Amino acid sequence: MGQDIASKKIHLPDQKLEIHYLQAGQGKTKWVLIHGLGSYAKAYTKILSNLPGHIEAYALDLPGFGETALDGTTISMENYAAVVDEFIKELGLQHVVLAGHSMGGQVAMTAAINQPKWLKSLILFAPAGIEQFTAKDHAWFEAVATESLYLNLTDEQIRQNFNVNFYGMQLPQDAEFMYQDRIKIKEDSEGYKTYCSTTVASIKAMLSGPVYDQIGQIKVPTLVLFGKNDLLIPNKILHPDLTISQLMETLQNDYPTTTNKLLDEAGHFIIWDQSDKVVEEIQNFTDAHK
């Protein structure tokens, strides 16, 4: 417990990218953690700093987020999955527990569908890609989720957008750095414009790269964790009558080999609200599927 977290970079020759990542622990078991939309590797700080002794974990910044530059990357779920695949191969990791939060969950599923040899098990935290959207829903996102919308958010609106991610609709004090980091990006007008366009492109990428119908192609043990108090999934505007429990019941019926759990006192940012419980659930699940 109380692991030190190292900040590192690695060059991916095929992707022609310099990837920033955080590393903690020194165990034989390898975890690779993928962040969500508008997030970054630092979102896993609470998990990285409290790893069990036998775990070595890596949290990477996807291109366009955190300290990894976009560098001409075309944003798609397949391209992000290819980045994760090369990242793992360049580090020489085997028998990897691959985990993803929100958009990172959809990226992780996309990677897992390709059945890489290094993959041991898949962990999904409040993943995008489980809730399905119609063509009409896509049109709504196209109209609402625009670069202009994000560019014109006030500081207070940005804070409110963070608040809704967490249990109790309040950004925890120990996560205040997430808001402050976003405001720093906003202070650089060109950098912020790039960030907003990356966000919009990522939303379009999730919609245009659906994975739900392909979940059956994932051959490794899969654990799905949602927070009971998630206010972002399912979408409250498009699917006001759909509950998180119904969404997970459908997933269980369609794909009975997945293990699905709801965690108490957790919002969409389940990896922060219940970081200790998340680590415990991953351990229990992977121990049961050795």
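Residues numbered from 1 in each chain as written. Predicted model: local features only at pLDDT ≥ 70, side-chain atom pairs only at ≥ 80, totals over all residues. Heavy atoms only, no water.

This part is about helix α8 (residues 189-208). Between its first and last C-alpha atoms α8 spans 28 Å; for 20 residues at 1.5 Å apiece the expected length is 28 Å, and the two agree. In this fold, the buried residues of α8 make contact with α2 (77-91), α3 (103-113), α4 (135-144), α5 (147-151), α6 (155-163) and α7 (176-186). (Helix = DSSP H or I, 4+ residues; strand = E, 2+ residues; numbered from the N terminus. Expected span 1.5 Å × (residues − 1). Contact = heavy atoms within 4.5 Å.)

Within strand β7 (residues 222-227), 6 of the 6 residues are buried, which leaves it mostly tucked inside the rest of the structure. Residue alternation in β7 divides its side chains into two sets, Thr-222, Val-224 and Phe-226 and Leu-223, Leu-225 and Gly-227, and both sets are buried. Across 4 bridges, the pairing between strand β6 (residues 119-125) and β7 is parallel. From the neighbouring strand, Ile-123 faces β7, where its bridge partner is Leu-223. Note that β7 and strand β8 (residues 259-263) share 5 bridges and pair parallel. The partner of Val-224 across the bridge, within β8, is Asn-260. (Buried < 20%, exposed > 50% of the residue type's maximum accessible area, 1.4 Å probe, protein only. Pairing = 2+ DSSP bridges.)

A few words now on unusual backbone geometry. The omega torsion of the bond from Ile-233 to Pro-234 falls at -5 degrees, within 30 degrees of zero and hence cis. Summarising the element assignment, Pro-234 is placed in the loop between β7 and α9 (244-254). Notably, Asp-71 is not glycine yet its phi reads approximately 45 degrees, a positive angle. One non-glycine residue, Gln-115, lies in positive phi territory at about 50 degrees.

Let us now look at the packing of aromatic side chains. Counted according to the given criterion, the structure contains 11 aromatic pairs. Relative to Tyr-255, the ring of Tyr-212 has its centre 5.4 Å away and its plane inclined at 75 degrees; by these criteria the two rings are edge-to-face. Note that Tyr-212 is positioned in the loop between α8 and β7 and Tyr-255 in the loop between α9 and β8, a separation of 43 residues in sequence. An aromatic cluster is present here, built from Tyr-21, Tyr-58 and Phe-87 joined pairwise through their rings. Above the plane of the ring of Tyr-179 lies Arg-159, whose end atom (NZ or CZ) is 3.9 Å from the centre. (Phe/Tyr/Trp six-rings, centres within 6.5 Å; stacked < 30°, edge-to-face > 60°. Lys NZ or Arg CZ within 6 Å of the ring centre and 35° of its normal.)

Honestly, it's all geometry; don't read function into it.
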